Amino acid sequence: MTFWMAIILGVVQGVAEFLPISSSGHLSLLQHFFGMEEPDALYNILLHFATLIAVCVVYWQDIVDMIVEFFGGLAALFTRSGRREQGNPPEARRLVLLLILGTLPLFLVLPFDDLVEGLGASPVFVSVMLLVTGCILFLSDRCGGGRKNGRTVTVQDVLLVGLAQGMATIPGLSRSGTTISAGMALGFERNFAVRFSFLLSLPAVFGATLLKVIKVAKAGSFDTQLLPIYLTGMVIAGVVGYFSISLVKLLASKGKFGSFAYYCWVVGAVSLIACFVLPLLTPAAS
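Since this is a predicted model, take the numbers as computed values, not measurements.

Analysis parameters
- Residues numbered from 1 in each chain as written.
- Predicted model: local features only at pLDDT ≥ 70, side-chain atom pairs only at ≥ 80, totals over all residues.
- Heavy atoms only, no water.
- Helix = DSSP H or I, 4+ residues; strand = E, 2+ residues; numbered from the N terminus.
- Rg over C-alpha atoms; globule rule 2.2 N^0.38 Å.
- Buried < 20%, exposed > 50% of the residue type's maximum accessible area, 1.4 Å probe, protein only.
- Areas by Shrake-Rupley, 256 points an atom, 1.4 Å probe, with all protein chains shown as cover.
- Salt bridge = Lys/Arg side-chain N within 4 Å of Asp/Glu carboxyl O.
- Expected span 1.5 Å × (residues − 1).
- Core = buried A, V, L, I, M, F, W, Y, C linked by side-chain atoms within 4.5 Å.
- pLDDT = per-residue confidence, 0-100.
- Axes fitted to C-alpha atoms, helices over the stretch in contact; angles between N-to-C directions.
- Parallel < 35°, antiparallel > 145°, perpendicular 65-115°, else oblique.
- Left-handed = near helix turned anticlockwise from the far one by under 90°.
- Contact = heavy atoms within 4.5 Å.
- Arc of directions from axis to C-beta.
- Nonpolar A, V, L, I, M, F, W, Y, C, P; charged D, E, K, R; others polar.

Novice: Is there a simple way to think about the overall build of the protein in this case?
Specialist: Scanning the protein from N- to C-terminus turns up 13 helices and zero strands. Its helices and strands taken in sequence order, the protein reads α-α-α-α-α-α-α-α-α-α-α-α-α from the N to the C terminus. The C-alpha radius of gyration of the protein comes to 20 Å, within 12% of the 19 Å expected for a compact globule of 286 residues. Per-residue burial for the protein yields a buried fraction of 46% across its 286 residues. Carbon and sulfur atoms make up 71% of the accessible area of the protein, which amounts to about 14700 Å² in all.

Now the structure itself:
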């Protein structure tokens, strides 16, 4: 792992993790067509942790409010007046419950984790999924304009968005693109669809990171000489991720979230064609 490789992977992670273009799909295609080395398990964890911090920075006020209301809700359970308030909780307290419910569908995907990861080894499959992502994004702007927010969204709505997030574990499907588009299709107000999608990523990314940390801890040692390289990639992924979130928020608010569809179509189509053409141009080994 070199500094330049850490920088490139940090930029790819920061851009593709939040823009609706599939970070896993891009990494898979870069590895297949350009021979880019796959980041080691620990560095991969640190990159995801950096983008987790980026979400926390952008939505720090929401996170603080939810933490306060979470403990406020627990305290309210033990008081008579608090129990009466549970029927009409503050938005931040309700949002905590909605995020918990929206995360539950991910547990349906856990038994298929190895199978899903294996799909990323097929550039043809990943290319097709990028084309599908483009179609989802193209339709998103036409479904937007709803009025549901943190106070009016239903349990059924958040479970469906959670299912969309579970489906987006498939390489080539964008997590942010799929969940934001699902929210818009269900009548979420545009800004709330983006906000809920990124807040929903917090428990998902944190849980996935924790599982990977356990795997790495069981696997072996950590080379401290690589620490400066790792930290460089983390900083870049976090900073780029921060601006990527801001860009998604801006385009979604203007009804131009589906603009990313054209990019996904181009990348998906070019890579799909390359999957069939490049083997024909490569001399067969004697």
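And the narrative resumes.
Novice: How do you make sense of the pattern of salt bridges when you look at a structure like this?
Specialist: Any two side chains of opposite charge can pair if their charged atoms end up close together. Under the defined criterion, the tally for this structure stands at five salt bridges. The partner of Arg93 in a salt bridge is Glu69, and the shortest N-O contact between them spans 2.9 Å. Of this pair, Arg93 sits in helix α6 (residues 91–103) while Glu69 sits in helix α4 (residues 60–76), placing them 24 residues apart in sequence. Taking relative accessible area as the criterion, Arg93 reaches 11% and is therefore assigned buried. Among the charged side chains, a salt-bridge network with shared partners connects Asp62, Glu91 and Arg195.

Novice: In this structure, what is going on with helix α1 (residues 3–16)? I would like to understand it.
Specialist: Every α-helix winds through 3.6 residues per turn, so residues three or four apart in the chain are directed the same way. Compared with an ideal rise of 1.5 Å per residue, which puts 14 residues at 20 Å, α1 spans 20 Å between its outermost C-alpha atoms and is within 8% of the ideal. Where α1 is concerned, the buried positions are Met5, Ala6, Leu9, Gly10, Val12, Gln13, Gly14 and Ala16.

Novice: Is there a simple way to explain the nonpolar core in this structure?
Specialist: Most often, soluble globular proteins keep nonpolar side chains buried together rather than apart. The biggest cluster of nonpolar side chains holds 42 residues, and the ones touching the most others in it are Tyr59, Met66, Leu95, Phe196, Phe198, Leu199 and Ile245. At the level of secondary structure, the elements contributing two or more residues to this core comprise α3 (41–58), α4, α6, α9 (155–167), α10 (175–185), α11 (190–219), α12 (227–253) and α13 (260–281). Examining the composition of this core, we find that nine residues originate from one element, α11, more than from any other. Core analysis: the second largest hydrophobic core is formed by 13 residues, Leu27, Ile229, Met234 and Ala237 among them.

Novice: Where do I start with the confidence of the model for the protein in this structure?
Specialist: Do not read the predicted coordinates in detail wherever pLDDT is low. Chain-level statistics for the protein give a pLDDT mean of 86 and a share of 92% at 70 or above. Here helix α5 (residues 80–85) stands out as the least confident element of the protein, with mean pLDDT 57; α9 is the most confident, with 95.

Novice: Even after reading the chapter, I still don't get the packing of helix α8 (residues 123–143) against α13, so can you show me in this structure?
Specialist: Axis separation between α8 and α13 bottoms out at 8 Å; the angle between their running directions is 160°. By the criterion of interaxial angle, the relationship of α8 to α13 is roughly antiparallel. Every pair of crossing elements has a handedness; the one defined by α8 and α13 is left-handed. Between α8 and α13, the residues in contact are Pro123, Val124, Ser127, Val128, Leu130, Leu131, Thr133, Gly134, Cys135, Leu137 and Phe138 and Phe260, Ala261, Tyr262, Cys264, Trp265, Val267, Gly268, Ala269, Ser271, Leu272, Cys275 and Phe276, respectively.

Novice: What am I meant to see in α8 here?
Specialist: Taking 1.5 Å of rise per residue, the 21 residues of α8 would be expected to cover 30 Å, and the 30 Å separating its terminal C-alpha atoms lies within 8% of that figure. Among all positions in α8, only Pro123, Val126, Ser127, Met129, Leu130, Thr133, Gly134, Leu137, Ser140 and Asp141 are buried. Viewed end-on, α8 has its buried residues packed into an arc of 160°, placing them on one side of the element.

Novice: Hey, could you run me through the packing of helix α2 (residues 23–34) against α13 in this one?
Specialist: Each pair of packed helices gets described by two things: the angle between the helix axes and the distance between those axes. The N-to-C vectors of α2 and α13 enclose an angle of 30°; their axes lie 12 Å apart at closest approach. The angle between α2 and α13 places the two elements in the roughly parallel class. Of the two elements, α2 crosses α13, and the hand of that crossing is left-handed. Across the interface between the two elements, His26, Leu29 and Phe33 of α2 pack against Tyr263, Val267, Ser271, Ala274, Cys275 and Leu278 of α13. The class makeup of the residues in the contact of α2 with α13 is seven nonpolar, two polar and no charged.

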